[in-house]
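Observations on the three-dimensional arrangement
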Amino acid sequence: MSEVKKVATRESYGKALVELGKLHENLVVLDADLAGATKTGLFKKEFPERHIDCGIAECNMMGIAAGISTTGKVPFASTFAMFAAGRAFEQVRNSIGYPHMNVKIGATHAGISVGEDGASHQANEDIALMRTIPGMVIINPSDDIEARAAVFAAYEYEGPVYMRFGRFAVPVINDNPDYKFEIGKGVTLREGTDVTIIATGLCVNSALEAAEKLAADGVSAKVINIHTIKPLDEDLVVEAAKATGKVVTVEEHSVIGGLGGAVCETLSAKAPTPVLRIGIQDVFGESGSAAALLQKYQLDGEGVYQQVKAWLA
Amino acid sequence: MTTLELQKMANEVRKGIVTAVHSAKAGHPGGSLSAADVFTYLYFEELNIDPKDPKNPDRDRFVLSKGHTAPGYYSAMAHRGYFPVEELKTLRKVGSRLQGHPSMHYVDGIDMSSGSLGQGISAAVGMAMSGKMDNKSYRVYTLLGDGELEEGQVWEAAMFAGFRKLDNLCVIVDNNGLQIDGPVDEVCSPYPIDKKFEAFNFHVINVADGNDMDQLRAAFAEARTVKGMPTAIIMKTVKGKGVSFMENSVAWHGVAPNDEQYAVAMADLEKVGEALCQK
């Protein structure tokens with residue numbers, strides 16, 4: 001097999017900002033002393049006058065972004081997911097969400113795949129937090145292609161958007177000419193009849209690998225990529241649940257309040273269906289390489305396969 | 001406006017505050033009354049604004065960082081023509097545009113939703129930063145409470161503003177000396193306020209009596225001349241100013257007057273108004 005191309009979505013974010021910056025003069029990038037890590041340094045190099053380093057003060061950065069947005073600029077406020085959604089939650093809620101500001105939040109280093117830095121920096125709660133804010137759009141792209149598309153779509157969208165990016169290089173899975181990104185529209189990547197695996201972010205690739213392994217066991221798994229967790233593509237989720245009768249959700253996030261939570265909330269109201277929520281099982285993470293952690297927490301292809309297989313048995 | 005005209009208007013703004021809070025049976029009269037003069041000065045003298053063109057990109061901006069004093073803000077805005085003064089009586093009621101804390105989506109002319117302390121100043125800094133980036137000449141004003149200075153975000157914003165030399169930014173501190181739990185210097189003292197802002201590279205103007213229009217006029221005139229750094233106007237005020245039983249009283253931070261108290265308050269203000277008319 002030829003070498004699969006791998007790119008960290010934070011890299012895609014940084015590059016997309018440069019591309020968009022060339023097209024739109026009103027795009028500004030804010031950062032909190034993490035330009036190197038969030039890859040906004042690429043934008044800073046190209047457009048230093050439109051890159052605002054706020055220093056290590058994420059709460060203030062969110063407020064500054066809100067203020068800037070009222071003057072017609074489109075700010076992309078960037079920091080780690082832990083600080084964007086966690087530390088600055090109330091600023092995002094009150095200064096960005098409540099006034100429905102046209103602010104884009106680029107949250108990198110999300111999930112357990114942050115790796116060696118350990119639990120203090122592994123945001124497994126950010127989607128849950130952001131989901132509770134009325135009007136907040138949440139996008140968790142699965143690869144380089146989708147991350148770029150998400151940044152472009154977020155710019156065009158009028159209102160607050162939370163984008164979740166990873167530090168870990170992940171396989172490019174959407175590199176096909178038919179690929180189309182639309183906020184709020186899930187993508188069916190594989191048809192199947194026995195079970196539907198709904199995944200988001202880097203776990204989409206794990207879901208595809210798991211489906212392949214399940215097929216070898218004679219289990220036909222449908223795979224859906226939900227890149228937009230809010231607004232959730234409820235029609236697609238309900239339709240798949242009714243068609244296959246069983247649903248599995250997979251995410252690099254707590255099983256509380258994220259994709260699994262969103263899917264269960266929808267299905268309990270519209271199509272009650274047994275759901276297996278694969279994710280971080282209400283525990284804190286730990287240090288280790290991203291690959292080793294994804295394996296240990298059973299979020300890689302093999303881990304997802306084993307959990308689905310055991311559940312179906 | 002002349003000083004006398006401003007004083008008369010401030011008295012009308014105070015009546016609006018007391019009326020709104022009485023009608024709502026809730027709200028924050030103390031800090032609204034201490035800031036009634038600065039609200040009046042800003043909306044009738046200082047700000048380059050037009051109630052008929054509230055979204056003009058070149059207008060001056062005002063962010064009420066101490067959002068709980070919305071009654072004072074609303075009263076000044078109503079008297080300036082943003083909405084009918086009569087509407088002040090709908091404060092805090094279901095369906096009203098006049099939310100307990102300011103929301104920019106309900107009233108054109110409110111430049112930023114606020115209410116959670118410490119956040120307004122950051123938004124004001126963002127507006128000032130944007131103005132600098134575009135070489136715009138508008139100015140940005142934000143009003144903070146002295147208790148609000150206990151919020152760490154205030155100093156994050158101040159550090160950024162000082163570092164970026166945002167001389168189009170004017171931070172005003174309503175130093176009425178009282179917060180919910182008691183005197184600010186007994187709860188968690190923010191003093192010395194002036195030295196703190198100086199240390200964050202602000203030009204600091206101390207106003208001995210922030211309820212005096214001439215002193216406010218001098219302070220804002222000086223702020224306009226400052227180049228290369230933001231300005232902080234620290235004004236000593238009297239909480240509850242203008243209503244005898246509310247002055248310097250912690251109890252009137254967030255309580256509405258009953259009918260009897262309302263009558264006394266309005267009589268106090270009528271008396272002030274009559275005295276001003278004799279001038």
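What counts, and at which threshold
- Residues numbered from 1 in each chain as written.
- Chains lettered and ligands numbered in written order.
- Predicted model: local features only at pLDDT ≥ 70, side-chain atom pairs only at ≥ 80, totals over all residues.
- Heavy atoms only, no water.
- Salt bridge = Lys/Arg side-chain N within 4 Å of Asp/Glu carboxyl O.
- Helix = DSSP H or I, 4+ residues; strand = E, 2+ residues; numbered from the N terminus.
- Buried < 20%, exposed > 50% of the residue type's maximum accessible area, 1.4 Å probe, protein only.
- Contact = heavy atoms within 4.5 Å.
- Buried area = accessible area lost by both parts, 1.4 Å probe.
- Polar contact = N/O pair within 3.5 Å; in protein donor to acceptor, adjacent residues only side chain to side chain.
- Nonpolar A, V, L, I, M, F, W, Y, C, P; charged D, E, K, R; others polar.
- Domains from an automatic or database assignment.

With that settled, the discussion passes to the pattern of salt bridges. Any two side chains of opposite charge can pair, on the condition that their charged atoms come close. Residues and elements named next belong to chain B. According to the stated counting rule, one finds 25 salt bridges over all chains in the structure shown. Notably, a salt bridge pairs Arg14 with Asp37, separated by 2.6 Å at the nearest N-O pair. Of this pair, Arg14 sits in helix H1 (residues 3–24) while Asp37 sits in helix H3 (residues 36–46), placing them 23 residues apart in sequence. We classify Arg14 as buried; its relative accessible area is 6%. Asp37 sits in the buried class, given a relative accessible area of 5%. Between Glu270 and Lys15 there is a salt bridge, with its nearest N and O atoms 3.5 Å apart. Here Glu270 is found in helix H10 (residues 259–278), whereas its partner Lys15 is found in helix H1, with 255 residues between them in sequence. A single salt-bridge network, built from bridges that share partners, covers Glu12, Lys15 and Glu270.

Before going further, it helps to spend a moment on the interface of chain B and chain A. Of the residues lining the interface, 26 residues belong to chain B; the matching set on chain A comes to 26 residues. Between chain B and chain A, roughly 1900 Å² of surface is buried when both sides are summed, and carbon and sulfur atoms account for 56% of that area. The largest per-residue losses of area from chain B upon contact with chain A belong to Gln119(B), Met133(B) and Glu156(B), which jointly make up 26% of the total buried on that side. Across the pair Lys73(A) and Asp134(B) runs a salt bridge whose closest N-O atoms are separated by 2.5 Å. At the junction of chain B with chain A, the criterion picks out twelve residue pairs in polar contact (both at pLDDT 80 or more). Put simply, the parts of the chain that give the side of chain B that touches chain A at least two residues each are helix H5 (120–133) and helix H6 (152–163) of chain B. Residue contributions to the side of chain B that touches chain A peak at eight residues, all from H5(B). Within the side of chain B that touches chain A, the residues separate by chemical class into eleven nonpolar, ten polar and five charged.

Our focus in this paragraph is helix H6 (residues 89–97) of chain A. Among all positions of H6(A), only Gln91(A), Val92(A), Asn94(A), Ser95(A), Ile96(A) and Gly97(A) are buried. Its buried side turned inward, H6(A) meets helix H4 (58–69), helix H5 (81–87), strand S5 (104–108) and helix H7 (126–131) of chain A together with H6 of chain B.

All names here are of chain A. Split into domains, chain A comes out as domain 1 (6–171) and domain 2 (187–312). For domain 1 and domain 2, the distance between their C-alpha centres works out to 25 Å. Between domain 1 and domain 2, the residue contacts involve 31 residues of the former and 34 residues of the latter. Counting the surface lost from both domain 1 and domain 2, the interface buries some 2400 Å², and carbon and sulfur atoms represent 56% of this. Together, Ile112, Asn124 and Arg131 form the three largest contributors to the area buried by domain 1 at its contact with domain 2, with a combined 29%. Linking Glu265 and Arg131 is a salt bridge whose minimum nitrogen-to-oxygen distance equals 2.5 Å. Between the two partners, domain 1 and domain 2, sit 20 residue pairs in polar contact (both at pLDDT 80 or more). Broken down by secondary-structure element, the contributors of at least two residues to the side of domain 1 that touches domain 2 are H7, strand S6 (137–139) and strand S8 (170–171).

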